[in-house]
Amino acid sequence: MYRARTVLTNLVPLASLIPRAAPDRFASWILKSDHILCSITGTDIRHYSSSVATEPFLNGSSSAYVEEMYNAWLADPKSVHVSWDSFFRNSSAGAAPGQAYQAPPSLAEPGRNQLPITSLAPLLGAAGAPALGGQVNEKVIDDHLAVQAIIRSYQIRGHHIAKLDPLGISSADLDDKHPPELLYSHYSFEEGDMDRVFKLPSTTFIGGKEKALSLREILSRLENAYCRHIGVEFMFINSLEQCNWIRQKLETPGVMEISSEEKRLILARLTRATGFEAFLARKWSSEKRFGLEGCEILIPAMKAVIDKSTELGVESIVMGMPHRGRLNVLANVCRKPLEQIFTQFAALEAADDGSGDVKYHLGTYIERLNRVTNKNIRLAVVANPSHLEAVDPIVQGKTRAEQFYRGDGEGKKVMSLLLHGDAAFCGQGIVYETFHLSDLPDYTTHGTIHIVVNNQIGFTTDPRHSRSSPYCTDVARVVNAPIFHVNSDDPEAVMHVCKIAAEWRATFHKDVVIDIVSYRRNGHNEIDEPMFTQPLMYRKIKTTPHVLDKYSKRLIEEGVVTTEEVKDVRDKYEKICEESYLNARKETHIKYKDWLDSPWSGFFEGKDPLKVSPTGVKEDTLVHIGKRMSSPPPNAAEFVIHKGIERILRSRMEMVESRTVDWALGEGMAFGSLLKEGIHVRLSGQDVERGTFSHRHHVLHHQLVDKATYRPLCHLYPDQGPYTVCNSSLSEFGVLGFELGYSMTNPNALVCWEAQFGDFNNTAQCIIDQFISSGQAKWVRQSGLVMLNPHGLEGMGPEHSSARLERFLQMSSDDPDYFPPESEEFAVRQLHDINWIVANCSTPANYFHILRRQIALPFRKPLILMTPKSLLRHPEAKSSFDEMTENTQFLRVIPDQGPASQNPSSVKKLLFCTGKVYYDLKKAREERKLEGDIAISRVEQISPFPYDLIKKECAKYSNASLAWAQEEAKNQGSWTYVQPRFHTALSGSRDVRPPIQREGFFNKLFGGKSDDNATSQLDSPNTKPRIISYVGRPTAASPATGSKMQHLKELNALLDDALSL
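Basis of the calculations
Residues numbered from 1 in each chain as written. Predicted model: local features only at pLDDT ≥ 70, side-chain atom pairs only at ≥ 80, totals over all residues. Heavy atoms only, no water. Patch = residues over 30% accessible without salt bridge, like charges linked within 9 Å, V, L, I, M, F, W, Y side chains within 5 Å. Areas by Shrake-Rupley, 256 points an atom, 1.4 Å probe, with all protein chains shown as cover. Salt bridge = Lys/Arg side-chain N within 4 Å of Asp/Glu carboxyl O. Helix = DSSP H or I, 4+ residues; strand = E, 2+ residues; numbered from the N terminus. Axes fitted to C-alpha atoms, helices over the stretch in contact; angles between N-to-C directions. Parallel < 35°, antiparallel > 145°, perpendicular 65-115°, else oblique. Left-handed = near helix turned anticlockwise from the far one by under 90°. Contact = heavy atoms within 4.5 Å. Nonpolar A, V, L, I, M, F, W, Y, C, P; charged D, E, K, R; others polar. Buried < 20%, exposed > 50% of the residue type's maximum accessible area, 1.4 Å probe, protein only. Polar contact = N/O pair within 3.5 Å; in protein donor to acceptor, adjacent residues only side chain to side chain.

A. Examining a nonpolar patch on the surface more closely. Together, Val640, Leu704 and Val705 line one region of the surface with nonpolar side chains, adding up to about 270 Å² of accessible area. Assignment of secondary structure puts Val640 in the loop between α20 (619-629) and α21 (643-657).

Encoded structure:
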């Protein structure tokens, strides 16, 4: 259409003759026309004469002058001007009157039905341009337009007929139809037109240096570029520059030719990939290993991506992948010692703490020399559970963090490489969520290379039943990522697209997808029978030669290698495997630390493993941070702040001057004091810049200038650590995973993710279950990630009330029947031994301390915080500077400090609670004048359970009945977690032994050797044990009622029950 409009623009004199043919409708008009509207006179002049009579100089007054000129011409033709010479020559040759004169060039507008022949030349090519003054009929234009349409059709739809399936039994796009646009007969061409020559448009590179080609050659080159073993989807990209870049990489003649040396390298890598799987199959034939048979080309493909990326400046690559082929990637891409891989097959005891994981879920970290580019490269494969795509956002977060700490703002030194299975790539929503982070300013990794191992089957499910889209890769189109489909049995085609992908990422810093269409030689795993469900497919697979055999044969025929060389390469790798196997058999233990994907160099060394740095800070620091957070920008006169924000800043300043903080100010001081110490703080999540409840305001917006903002915490100290606060996309699974990956990279950073409402974390449950709660036990991997979950029943309905505290507590790994030995290190030892920390703070000071404690600990644990909603502005939920200055610390339990604590023996009831409900209980107690009869203690850190402080509190109020009060339903909240632990804290009827632990890696590192002989005799066996009763809502299926009246009714019942004596 563009070219058709160009023709129209050149045919300006004809515009008035074309009825209702606006430029944008010209193409459709000319194609529908069934008659020649008019003839076009082509002339050889560049400009046109003025519109006067044909030969105006031939009149009576000029006859004498003309005769004089004629006589001079007869004597010597060169004695007159060339225009007279031409005129007299034409006249002497018998030109009719009015036809002898040729006007000189003119700048005037062309005459009717006239246009320069040169304006048609680009469109006519060499296809017999008409002689000067000849007729140009519509077919010439139509045929050139048709050739351009054919070229574009191949670029857009050529992938549909590419030979992508190595088995040759199905179409990768699930459609066996041949698009009619790719048939030359569709455009009214016949066999006789095949040798006609057409000028090539600027939107193709198939000509190389040639500007015109025959139709036969055009079609041949297009077939070769788009319909052989590579099928490319890229014409949906809305950038002409990017489309032309891809066209050039694919269409340029000879672009896929490679040297014999490169072919031998592919063969060597393919031999190792194939040999590794064959060796494992022989040695452990009945073991599940999720091998790569059928797509062994993945290994040379990944190495090609790494080689080209390293050549282009990349120094570190973070990889995520499912279990299929993982061991091969570790062995042949990362070059992890084969002994360490082979020991995973032996049933050996672990030398480290933790429960470990199956071998095909493990990750690793390797720094090695890339022999092809002679540059050092760091490779990390992130550990991943069976939730195939769950690792995607974690890899992106880890990559982004590495880029941040290296100052790699454009992603030139660190990149991510994600591997996928075909069924998972199109079936799991986290893929979509991760793609949507790819171009967000605070989440982009500046381009990811995705490689899909397309087995054309998902476990036992046929693609026709596992996706609605033509390809499994169609999800990538949402971010304009080019998609390269390639036949796995053409190694050179695979290498070609891998190099293009690496160059694309380095050039445009955008995502790109390589879809390696292959097959799975075995079932879902090695002991699975695929013939049950795919009999025809697997009958074909059994007769299909390995790609190594095919490629070896091809190179032998080409004379690149000999049969002996092929055998020699195989034998050498076999020998390497055998030697490693013998060495592995000598091992007596496996070491989980060998599989650590995110090592923290120097973090643990030289530290007292049980010493926590102080969390209190100098008052001057609090005042300075408080004032900065309460002040407008330095150029406040020009920066217009919202009136509501001005009020908030004034109230903050008043609090600072009165030495108190509310929740937002306490959080800001925790962040600010860490920034002062050079710690990077990152806060991410939905609407976190302002805060869901409009309390935080860490980014101030100019009310009159778009995108003009001020971030007070970024301007506290000249040498402070960086502060990142960023609103995320509306994703929990993706963003929480991203922040977890971010937190794995640097232990000296406080990384926080905040849910918009606490219950929204349930859409990220996979990250919580598979990675956060169990990551250290499975993969020896620590993380200090903080999850902020707004929690509390405040009449807002079922979905905005509970952060599902009970789920986090149920996953806590402390033993409810074990009271650890009491000592000065009791609290920190508990933190060291547990999988994560769960807390529900009720004061800004405690929130301040627990955030700072995350960095003060000599190790890292995830922190799950229930955060408040109504307490953000509650007049009593404030803290004094005295609770935050030096020599203060986080309080695991806040004891009652009212009249009841002055006379504990007369207290009749001791209530334990956590979080916001304390303020409801306290208010009701005051209204009923029961301050001396009922004591209320707050359990701020629920897990690990503060046995020592609970025991102390209960002993203090020896005559009081004990009750646990909570606002959640009985089957929710803390009750089911705290009940058995209260029993352990209060009951001394038996010796309590710690769980058996091995002397492992982390015990050695932290000196945490357990004493198997330790006993804890809490009370005499003859003493009747005290019991704790429950106060709260009855069991319920829903977290909260949707009725405000019912909510208030339930709250009053809770308070009545709690305060009854």
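Now, onward.
B. Main features of unusual backbone geometry. Between Ser943 and Pro944 the backbone carries a cis peptide bond, its omega angle lying at 0°. Assignment of secondary structure puts Pro944 in the loop between β28 (941-943) and α31 (947-956). Unusually for a residue other than glycine, His697 sits at a positive phi of about 55°. Its location among the elements puts His697 in the loop between β16 (680-685) and β17 (700-701). At Arg804, a residue that is not glycine, the phi angle is positive and equals roughly 60°.

C. Fine view of the packing of helix α9 (residues 260-283) against helix α19 (residues 563-584). Where α9 meets α19, the closest approach of the two axes is 9 Å, and the angle between their N-to-C directions is 45°. Overall, the two elements α9 and α19 adopt an arrangement that is oblique. You can see that α9 and α19 cross each other, and the crossing is right-handed. Across from Leu267, Ala268, Thr271, Arg272, Gly275, Phe276, Phe279, Arg282 and Lys283 in α9, the residues of α19 making contact are Val566, Val569, Arg570, Tyr573, Glu574, Ile576, Cys577, Glu578 and Tyr581. Looking at side-chain class alone, the contact of α9 with α19 contains ten nonpolar, two polar and six charged residues.

D. Expanded view of the side chain of Thr448. Examined against the element boundaries, Thr448 turns out to sit in strand β11 (residues 448-454). Exposure remark for Thr448: the relative accessible area of 0% places this residue in the buried category. Within the local environment of Thr448, its side chain forms a polar contact with the side chain of Thr445, the two groups lying 3.3 Å apart. Apart from the residues lying within four places of it in its own chain, the contact partners of Thr448 are Gln396, Ser416, Leu418, Arg505, Lys510, Asp511 and Val512.

E. The pattern of salt bridges, seen in detail. Taken as a whole and judged by the stated rule, the model has 50 salt bridges. Two residues, Glu402 and Lys398, come together in a salt bridge whose shortest N-O distance is 3.9 Å. With Glu402 and Lys398 both in helix α13 (residues 392-406) and four residues apart, this pair spans about one turn of that helix. The network of salt bridges with shared partners includes Lys263, Asp490, Glu492, Arg554 and Glu558.

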